[in-house]
Amino acid sequence: MTAPHPIALQVNGEHVEAYVLPRTNLADFLRENLKLTGTHVGCEHGVCGACTIRVNGEIVRSCLMLAVQAHGASVETIEGLSDSGEISDLQEAFRARNALQCGYCTPAMLITAQDLLKADAEPDRERIREHLSGNYCRCTGYQAIIDAVEATARARKNSDEGRAP
Amino acid sequence: MNKPAHATLSELDRPNSYIGKTVPRPNLDRLLQGRGLYVSDMELPRMAHVVYVRSPHAHAKIVSVDTQAAKQKPGVVAVVTGEELADVITPWVGVLSHMKGLKSAPQRAIAVDRACWQGEAVAAVVASSRAAAEDAAEFVAVEYEELEAVTDMRTALDSATPVIHASLGDNLAFERTFDAGAPDAGFAEADEVAEAEFIFGRHTGVTLEPRSVVADWNAAEARLTIYQGTQAPHMVQNIAALHLGLEEAQVRVVCKDVGGSFGIKVHIYADEMATYALSKLLKRPVKYVADRIESFNTDIHARDHRCKARVGVKRDGTITAFEIDDLTGIGPYSMYPRTSAIEANQVVNLVGGPYVTPNYRARARVVFQNKNVMCQYRAVGHPIACSITEGLVDLAAAKIGMDPVEIRRRNLIADDAYPCTSPAGLRFELLSHHASLDKLLKMMNYDALRTEQAELCKRGIHRGIGIASFIEVTNPSAAFYGVGGAKISSQDGVAVRLDAQGAVVCQTSITEQGQGSESLTAQIVGSVLGVSMEKVRVILGDTDQTPYGGGTWASRGAGIGGEAALQAAKVLRKNILEVAAAILQSTPAELDIANNRIVNAGDGSPRIELPELARIVYFRPDTLPPGIQPELMATRHFVPRQYPFAFTNGVQASWLEVDTDTGFVKLLKHWVVEDCGVVVNPQLVDEQIRGGVVQGLGAALFEKCIYDERGQLTNANMADYLVPMSGETPDIDVGHVVSPTAESELGAKGAGEAGTAGAAAAVANAVNDALKPFGAVITEIPLTPQLILTALKRI
């Protein structure tokens, strides 16, 4: 069970095929094999949340998933979500509110926040705090992040209402 | 503009004036899109990875290290012992000459003969990948003979306790005693004396990106390039060169994005030194990234103090004396090169600092232990001193039945008493304790909150209000390290130039770890030059590229690096106007720069665009009048000289609820008013305060490195070592009072550590306030449910 194993998956919409060691976790595969270094590794035991990515639309801690388990899956990382423009408003809100300092937690924080905003268009601050409560940030004290997510929710809601018939 | 009338700044009150304005930090998109470059992301050709085999024992003789089996494993480049590495790198001793009596033993990059804490490296395995190195590390056979571990600081000096370093004679690293005024008379004239033992848990910084370094010795160039997430590149350059037997010119230190620092990354660690040495030994790039267990076991710890303290107070609220006896354990070595005596020394300096009380007695003792090294972490000593002082003030108030606000009003140094000197000899240029307290009370609506508290108490809901005034060391001069012989620069330099297209390039010796160094530099340079911020590119973190300087630590970036930027930009501005005057056949006094062009000073009408001026200077100097040699680059350095430190002040308040059945504390709200002088970017300052507060909240409620009696760290992982998460953290309101320093034209003092300085004290006072109906007082942090239930006699 230690020989390289073939996998095929979609990463940010691109078809990727690779041979990976069975023990390689998905975070290391993304960073070391695909050079997608926007996925950060903070603890390697599923606590800090810095390696959060999307697999088949769900947020996942990529340090707790093996690369072989991603065979056939669709994986999205911060690079893909940035290029597609899906979270550009959220990124702009983080920028305007200085909701990041060192930036190490930021890609995962954005992905986790977007996960909430897709499920709940009007989250209150408590709900935002709760949804982000698995993502460490040692710099900001969280308030600016909560503000930025709240502002994005409000702006999206307003723009949706603007489009409503 | 949110700044005071400050005559010397008048020329900044113009278009492109960014000082005092909230503007987004430049280049944030890089981090927002996951396109930053942290050291852990870096790869170089032929790069190998090092993994350290670490001692599982707190104290053990290394009988033998057998590397043969490991060397045979696939991908292994080398397996290196401490003895072998000693040929490449010399040991060091973490002392400073101005810390009188401070002693430590020689420390090696990799242990030789003896391991002194659980986690000290005893061998290095270098391989083609981290995984291969970890696999091979399993096959390094180290035979240990376990020695008795010194773990309890309270018995470290007992004659029955083994001495960790025989050559030092005892386990006492440093002792300072201090007397000011007449403490005995002060206590004699007191109507009441309150005393307590304050206990502070050992905790650490938990930077989200672990310490990381890539060392690249190019044997052909005889030059070492160190890529490291450090706060002080020139310090790293000096130390690496010194111990590798190189000239500083042979060492380049490059610092790209840094995933959190907080003082953790201002030191030089043994494993980093070993990584530099391994690169030199193996003649190829070597990468070391700590894993999380290594971070907990080797990143400096801080704050492990036990302090017996008392305060005397008269019935009218006058505090008559403070006395402290502080004890702290720092691990087996004083850290290098900043030493591990600074925190205890700061506690002696800072206790009682906000108050007029002239009578003060202090003793601090720093002892060795077989635990991980302790050293400077954000707000060094301040949280200890503030918690002791503010805890004592609340105890004194309770003794005489006075409101905690009232006793502070009666003892805080008056706002018109400056300049003045504290009993410990700290010189205060201009502080604002009373104005800050008044503002805080208004922000929190103190009286209404007291009413609400009383109402809720009747219904069995126990809420508390805690207040903590504090002072904070910022903008340190050479008094911190330079005078003690450390090659840690207290001055910073900035070079500014106008490029050939009229944009500005600025190189600064301060560094960026997310605080906003790049932003404040661009804001200041843009403001002085009259160019828009997006035209200013700031280069930091490269000893080959920037002027020489200290870096970013001790809340010094804005105050020192910012002033250097201001002065450099002023010279460049003058030079640009001289060239413009020559081109336009005018005089510099008749011209100004605004919105990226030369304009008439009188009516602001445009004369020549900066790109056009630059084109002429760089490509058609032949068209300039004879004798004109334009200098479109200027460099200035700055260091404070009149005051050793620019003290800031502030006050914090916590509002929280204690569940007396479970012992859990719910933080409801936190307020801070602080005075860092001129605020360059209000948003960035507020975010520094908030981030700092939350690190202090962690100390107050959650964070503790728990060692067992054998010196084993039992919670060296993120699941067991708790930090504040978004769910536990309250919203924090921040207000400012502005008392500029006259030492610089900019007038800015530091703001990076103020939040951490007072947060734990405010929370502890609030918990005790909530527990008042039960007659319980707790003077220990973190305030765990167990501690609270014990104090309530529920368990």
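Undergrad: Would you take a moment to explain the overall build of chain B for this structure?
TA: When helices and strands are tallied, chain B shows 19 helices and 31 strands. A globule of 795 residues ought to have a C-alpha radius of gyration of about 28 Å, and chain B, at 28 Å, matches this closely. Taking the principal axes of its C-alpha atoms as reference, chain B extends roughly 85 × 75 × 45 Å. Out of the 795 residues in chain B, the part that is buried amounts to 67%.

Undergrad: Help me understand the packing of helix α6 (residues 233-244) of chain B against helix α7 (residues 270-282) of chain B, please; the structure alone is not making it clear to me.
TA: A pair of packed helices is characterised by two quantities: the angle between their axes and the separation of those axes. All names here are of chain B. Two numbers describe how α6 lies on α7: the axes approach to 11 Å, and their chain directions differ by 55°. With respect to α7, the axis of α6 lies oblique. In the crossing of α6 with α7, the sense of the turn from one axis to the other is right-handed. From α6, V236, I239, A240, H243 and L244 reach across to α7, where they touch M273, Y276, A277 and K280. Among the residues forming the contact of α6 with α7, the class breakdown is seven nonpolar, one polar and one charged.

Undergrad: Looking at this structure, I do not really get the domain arrangement of chain A. What am I missing?
TA: How big an interface is tends to be reported as the loss of accessible area on association of its parts. Residue and element names in this part refer to chain A. Under the domain assignment, chain A is made up of domain 1 (5-81) and domain 2 (87-163). Once you take the C-alpha centre of each, domain 1 and domain 2 turn out to be 23 Å apart. Facing the 18 residues of domain 1 at the interface are 16 residues of domain 2. Counting the surface lost from both domain 1 and domain 2, the interface buries some 1,400 Å², and carbon and sulfur atoms represent 59% of this. The tally of links between domain 1 and domain 2 comes to zero salt bridges. Our count for the contact surface shared by domain 1 and domain 2 stands at five residue pairs in polar contact (both at pLDDT 80 or more). Elements with a contribution of two residues or more to the side of domain 1 that touches domain 2: β3 (52-55), β4 (58-61) and α2 (78-84). Ranked by residues supplied to the side of domain 1 that touches domain 2, first place goes to β3 with three residues. Classifying every residue of the side of domain 1 that touches domain 2 by side-chain character gives nine nonpolar, seven polar and two charged.

Undergrad: What is the right way to read the interface of chain B and chain A from this model?
TA: Listed per partner, the contact involves 53 residues of chain B and 49 residues of chain A. In this assembly, chain B packs against chain A so that about 4,100 Å² is buried in total across both faces, 50% of it on carbon and sulfur atoms. When the buried area of chain B at its contact with chain A is split by residue, L32, L208 and S726 of chain B rank highest and sum to 18% of it. Inspection of the region where chain B meets chain A yields eight salt bridges. R129 of chain A is the salt-bridge partner of D731 of chain B, the closest N and O atoms lying 2.7 Å from each other. In terms of residue count, the dominant contributor to the side of chain B that touches chain A is helix α17 (residues 682-701) of chain B (eight residues).

Undergrad: What should I look at first to understand the sheet that holds strand β20 (residues 462-472) of chain B in this one?
TA: Residues and elements named next belong to chain B. Taken in spatial order, the four strands make up an open sheet running β20-β28-β29-β30, and their pairing is mixed. The open sheet has two free edges, formed respectively by β20 and β30 (732-736), since each of these has just one partner strand. Adjacent strand axes in the sheet meet at a mean angle of 15°, parallel and antiparallel pairs treated alike.

Undergrad: Before we go on, may I ask you to explain the sheet that holds strand β10 (residues 212-218) of chain B in this structure?
TA: Whether parallel or antiparallel, the strands of a sheet pair through hydrogen bonds between backbone atoms. Residues and elements named next belong to chain B. Spatially, β3-β5-β1-β13-β10-β11-β12 is the arrangement adopted by the seven strands of the open sheet, whose pairing is mixed. Unpaired on one side and paired on the other, β3 (76-81) and β12 (251-254) mark the two borders of the sheet. Strand-to-strand twist across the sheet, computed as the mean angle between neighbouring axes with direction ignored, equals 20°. Pairing between strand β1 (residues 48-54) and strand β5 (residues 121-127): six bridges, direction antiparallel. If you follow H49 over to β5, its bridge partner there is A127. With respect to the sheet, helix α4 (residues 130-137) is in contact with β1, β3, β5 and β13 (286-289), its orientation differing from that of β1 by roughly 30°. In the packing of α7 onto the sheet, contacts are made with β1, β3, β5, β10, β11 (223-228) and β13, and the angle to β10 comes to roughly 25°.

Undergrad: Would you take a moment to explain the domain arrangement of chain B for this structure?
TA: Residues and elements named next belong to chain B. According to the domain assignment, chain B consists of domain 1 (7-36 + 491-638), domain 2 (39-147 + 210-258 + 264-298) and domain 3 (301-478 + 642-791). Centre-to-centre separation of domain 1 and domain 3, based on C-alpha positions: 38 Å. Summed over both sides, the interface between domain 1 and domain 3 buries roughly 1,900 Å², with carbon and sulfur atoms accounting for 56% of that surface. On the domain 1 side of the contact with domain 3, T22, Q515 and S555 bury the most area, a combined 25% of that side's loss. Viewed at the interface, domain 3 and domain 1 are joined by one salt bridge. The partner of E745 in a salt bridge is K570, with the nearest N and O atoms 2.8 Å apart. Remark: the boundary between domain 1 and domain 3 carries 14 residue pairs in polar contact (both at pLDDT 80 or more). Going through the elements one at a time, α14 (517-529) and α15 (557-584) are the ones with two or more residues in the side of domain 1 that touches domain 3. The biggest single contributor to the side of domain 1 that touches domain 3 is α15, with eight residues. The class makeup of the residues in the side of domain 1 that touches domain 3 is 12 nonpolar, 12 polar and five charged.

Undergrad: Sorry, what's going on with the pattern of salt bridges here?
TA: A side chain with one charge can pair with a side chain of the opposite charge if their charged atoms come near. Per the counting criterion, the structure on display carries 66 salt bridges over all chains. Here R408 of chain B ties to E390 of chain B by a salt bridge, and the two come within 2.7 Å at their closest N and O atoms. With R408 of chain B in helix α11 (residues 404-411) and E390 of chain B in helix α10 (residues 382-400), the pair connects residues that are 18 residues apart, well separated along the chain. Judged by relative accessible area, R408 of chain B falls into the buried class, the value being 0%. Several salt bridges converge on common partners, so that one network encompasses R97, R125, R129, D147, E150 and R154 of chain A together with E687, R690 and D731 of chain B.

Undergrad: Please explain the packing of aromatic side chains as it appears in this structure.
TA: What describes a pair of aromatic rings is the distance from one ring centre to the other and the angle between the planes of the rings. Applying the stated criterion across every chain, the model contains 11 aromatic pairs over all chains. Each ring, one from Y104 of chain A and one from Y38 of chain B, has its centre 5.0 Å from the other, and the planes form 85°; the classification is edge-to-face. With one member in each of two chains, Y104 of chain A in the loop between α3 (88-97) and α4 (106-119) and Y38 of chain B in the loop between α1 (28-32) and β1 form a pair that bridges those chains. No difference in accessibility class separates Y104 of chain A from Y38 of chain B, as the two residues are buried. Between F428 of chain B and F647 of chain B, the ring centres sit 5.1 Å apart and the planes meet at 85°, which makes this aromatic pair edge-to-face. Here the residue F428 of chain B occupies a position in strand β19 (residues 427-428), and F647 of chain B occupies one in the loop between β27 (633-638) and β28 (648-658), the gap between them amounting to 219 residues. Across the pair, exposure class does not vary: F428 of chain B and F647 of chain B are buried alike. Among the aromatic side chains, those forming a connected cluster through ring pairs are F428, F480, Y481, W553, F645 and F647 of chain B. Positioned above the aromatic ring of F187 of chain B is the side chain of R310 of chain B, whose terminal nitrogen or guanidinium carbon lies 3.8 Å from the ring centre.

Undergrad: Even after reading the chapter, I still don't get the nonpolar core, so can you show me in this structure?
TA: In a soluble, globular protein the nonpolar side chains are often hidden away together inside. Counting 228 residues, the largest nonpolar core has F94 of chain A together with Y276, Y360, I388, M444 and I467 of chain B as the members making the most contacts within it. If one sorts the elements of this core by residue count, helix α18 (residues 754-771) of chain B sits on top with 12 residues. The residues touching F94 of chain A, leaving out its near neighbours within four places in the chain, are A99, L100, T106, M109, L110, I145, A148 and V149 of chain A together with L32 of chain B. Within the second largest apolar cluster, 49 residues are counted, among which are V23, L540, A569 and A581 of chain B.

Undergrad: Would you mind showing me how to read α3 of chain A here?
TA: Structurally, the α-helix is built with 3.6 residues per turn, so residues lying three or four positions apart point the same way. All names here are of chain A. If you check which residues of α3 are buried, you get L90, Q91, A93, F94 and R97. Buried residues in α3, looked at end-on, bunch into an arc of 160°, giving them a common side. Downstream of α3 by a residue or two, N98 has a phi angle that is positive, lying close to 50°.

Undergrad: Would you explain the environment of T635 of chain B in this entry?
TA: All names here are of chain B. Mapping T635 onto the fold places it in strand β27. Residue T635 is classed as partly exposed on the basis of its relative accessible area, which comes to 33%. Beyond its immediate stretch of four places on either side in the chain, T635 contacts V494, A495, P547 and A568.

Undergrad: I would appreciate a short explanation of the environment of F178 of chain B in the present structure.
TA: Residues and elements named next belong to chain B. Note on placement: F178 falls in strand β7 (residues 172-180). The exposure class of F178 is buried, given its relative accessible area of 18%. Distance from F178 to S519, taken between C-alpha atoms, is 42 Å for residues 341 residues apart in sequence. Setting aside anything within four residues of it in sequence, one finds F178 in contact with V348, Y360, R361, A362, P423 and A424.

Scoring rules and cut-offs
Residues numbered from 1 in each chain as written. Chains lettered and ligands numbered in written order. Predicted model: local features only at pLDDT ≥ 70, side-chain atom pairs only at ≥ 80, totals over all residues. Heavy atoms only, no water. Helix = DSSP H or I, 4+ residues; strand = E, 2+ residues; numbered from the N terminus. Rg over C-alpha atoms; globule rule 2.2 N^0.38 Å. Buried < 20%, exposed > 50% of the residue type's maximum accessible area, 1.4 Å probe, protein only. Axes fitted to C-alpha atoms, helices over the stretch in contact; angles between N-to-C directions. Parallel < 35°, antiparallel > 145°, perpendicular 65-115°, else oblique. Left-handed = near helix turned anticlockwise from the far one by under 90°. Contact = heavy atoms within 4.5 Å. Nonpolar A, V, L, I, M, F, W, Y, C, P; charged D, E, K, R; others polar. Domains from an automatic or database assignment. Buried area = accessible area lost by both parts, 1.4 Å probe. Salt bridge = Lys/Arg side-chain N within 4 Å of Asp/Glu carboxyl O. Polar contact = N/O pair within 3.5 Å; in protein donor to acceptor, adjacent residues only side chain to side chain. Pairing = 2+ DSSP bridges. Phe/Tyr/Trp six-rings, centres within 6.5 Å; stacked < 30°, edge-to-face > 60°. Lys NZ or Arg CZ within 6 Å of the ring centre and 35° of its normal. Core = buried A, V, L, I, M, F, W, Y, C linked by side-chain atoms within 4.5 Å. Arc of directions from axis to C-beta.

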